[in-house]
Amino acid sequence: MSRLLIVLPAFNEAKHLPGVVAGIRAVLPAADLLVVDDGSVDGTADIARQLGVLVVSHPWNMGYGVTIQTGYKFALANGYDTLVQIDADGQHDPRDIPTLLEPLAAGVCDFVLGSRFLGADSYRPPLARRIGMRLFSTLVGLLTGERITDSTSGFQAFNAQVISFLTADHFPCDYPDADLLLILHRAGFRITERPVRMYASSDGRSMHSGLRPCYYIFKMFLSIGVTLIRATPPRPGGRP
């Protein structure tokens with residue numbers, strides 16, 4: 001039987017965590033939940049333990065990319081063969097987790113990206129941010145030949161081979177968005193999107209924010225360029 005781990009990267013999410021955990025358990029009561037606490041100072045880890053979920057804590061804030069990779073490493077070390085990544089701030093709807101898991105269970109893909117732009121009732125970010133999202137989604141689509149509508153989505157599901165692949169040093173810890181999709185594609189993983197609902201953060205912040213948009217755009221273009229010129233990382237098991 002497939003072992004499923006649901007990873008929640010969290011930085012100061014004590015207020016939102018109980019509702020998110022309850023929503024996940026209502027959909028998948030048997031799944032294991034892991035909160036990766038990225039140096040929170042609001043008691044996020046304590047709340048997570050009180051909720052009875054697994055917890056791994058960073059001693060200080062290390063950033064979003066490092067946080068999610070900690071979750072991947074935990075999944076690999078503990079023998080999970082399916083992983084779902086969902087934000088702990090309530091922006092992702094846990095009811096959509098089965099939608100992400102469906103193509104994995106059918107064996108038609110390795111990595112599923114939840115897209116807010118394929119559904120009819122999702123929150124639409126401000127125009128400037130939406131333009132940036134579309135820019136990188138279009139670029140990834142041109143470079144991979146795949147239709148990608150939401151390359152910055154942190155609502156994802158993937159199989160054991162991808163879990164193993166993403167624990168290595170080629171994982172882009174700064175901004176694992178468009179460049180991550182390119183790395184996966186070049187390594188031969190099958191990527192697909194599914195419609196999901198996303199909501200605006202109730203307090204106007206997100207783990208994905210905090211740096212100026214222009215800096216993000218510069219770093220992402222730089223990372224994509226590096227991805228294109230470096231050697232393709234090998235897939236687990238040595239297959240091309």
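Our subject is the structure listed above.
Residues numbered from 1 in each chain as written. Predicted model: local features only at pLDDT ≥ 70, side-chain atom pairs only at ≥ 80, totals over all residues. Heavy atoms only, no water.

Undergrad: Please explain helix 4 (residues 97–105) as it appears in this structure.
TA: The α-helix winds at 3.6 residues per turn, so residues separated by three or four positions along the chain end up facing the same way. Within helix 4, burial applies to I97, L100, L101, P103 and L104. Buried residues of helix 4 fall within an arc of 160 degrees about the axis and therefore sit on the same side. Residues of helix 4 that are exposed and point more than 90 degrees away from the buried face comprise E102 and A105. Each element contacted by the buried residues of helix 4 is listed here: strand 1 (4–10), helix 1 (17–27), strand 4 (82–85), strand 5 (111–115), strand 6 (156–159) and strand 7 (191–195). Where helix 4 terminates, the next one or two residues include G107, which has phi positive at roughly 75 degrees. (Buried < 20%, exposed > 50% of the residue type's maximum accessible area, 1.4 Å probe, protein only. Helix = DSSP H or I, 4+ residues; strand = E, 2+ residues; numbered from the N terminus. Arc of directions from axis to C-beta. Contact = heavy atoms within 4.5 Å.)

Undergrad: Looking at this model, I keep getting lost on the pairing of strand 1. Mind explaining?
TA: Residues in a regular strand project their side chains so that they alternate between the two faces of the sheet. Among the seven residues in strand 1, seven count as buried, and that is most of the element. Where burial is concerned, the two faces of strand 1 agree: the one with L4, I6, L8 and A10 and the one with L5, V7 and P9 are both buried. Of the pairings in the sheet, the one linking strand 1 to strand 4 comprises four bridges and is parallel in character. Looking at strand 4, one finds that L4 is bridged to T82. In this structure, strand 1 lies alongside strand 2 (residues 32–38), joined through six bridges in parallel fashion. Each residue of the ladder has a partner; that of P9, found in strand 2, is V36. One crossover worth recording links strand 1 to the parallel strand 2 by way of helix 1, and it is right-handed. (Pairing = 2+ DSSP bridges. Right-handed = clockwise from strand over helix to strand, strands pointing away.)

Undergrad: Would you take a moment to explain the sheet that holds strand 7 for this structure?
TA: Working definition: the strands of a sheet are paired by backbone hydrogen bonds and lie parallel or antiparallel to each other. Spatially, 3-2-1-4-6-5-7 is the arrangement adopted by the seven strands of the open sheet, whose pairing is mixed. Taken across any chain shown, the strands that pair with only one partner, and hence form the sheet edges, are strand 3 (54–58) and strand 7. Strand-to-strand twist in this sheet, taken as the mean axis angle between neighbours without regard to direction, amounts to 20 degrees. In the packing of helix 1 onto the sheet, the strands contacted are strand 1 and strand 2, and the crossing angle to strand 1 comes to about 165 degrees. (Axes fitted to C-alpha atoms, helices over the stretch in contact; angles between N-to-C directions.)

Undergrad: It is not clear to me how the pattern of salt bridges should be interpreted in this structure. Could you clarify?
TA: Two side chains of opposite charge can pair, provided their charged atoms sit close to one another. In total, this model carries six salt bridges according to the counting rule given. Of the charged contacts in the structure, one is a salt bridge between R197 and D93, with a shortest N-O distance of 3.7 Å. Pair noted here: R197 is in the loop between strand 7 and helix 8 (213–229) and D93 is in the loop between strand 4 and helix 4, with a separation of 104 residues, a long-range link. For D93, a relative accessible area of 4% translates into the label buried. In this structure, the salt-bridge partner of D96 is R197, at a minimum N-O distance of 2.8 Å. Pair noted here: D96 is in the loop between strand 4 and helix 4 and R197 is in the loop between strand 7 and helix 8, with a separation of 101 residues, a long-range link. Residue D96 is classed as buried on the basis of its relative accessible area of 5%. (Salt bridge = Lys/Arg side-chain N within 4 Å of Asp/Glu carboxyl O.)

Undergrad: I tried to follow the nonpolar core on my own but got confused; where do I start?
TA: Across soluble globular proteins, nonpolar side chains have a tendency to be buried as a group. One finds F111, F158, L166 and L184 to be the most contacted residues of the largest nonpolar core, which totals 31 residues. Taken together, the elements giving at least two residues each to this core come down to strand 1, strand 2, helix 3 (64–77), strand 5, helix 5 (127–144), helix 6 (160–165) and helix 7 (178–186). Setting aside residues no more than four positions away along its own chain, F158 makes contact with Y72, D81, T82, L83, L104, D110, F111, I163 and L166. Of all hydrophobic cores here, the second largest spans 27 residues; its members include V35, V53, V112 and A157. (Core = buried A, V, L, I, M, F, W, Y, C linked by side-chain atoms within 4.5 Å.)

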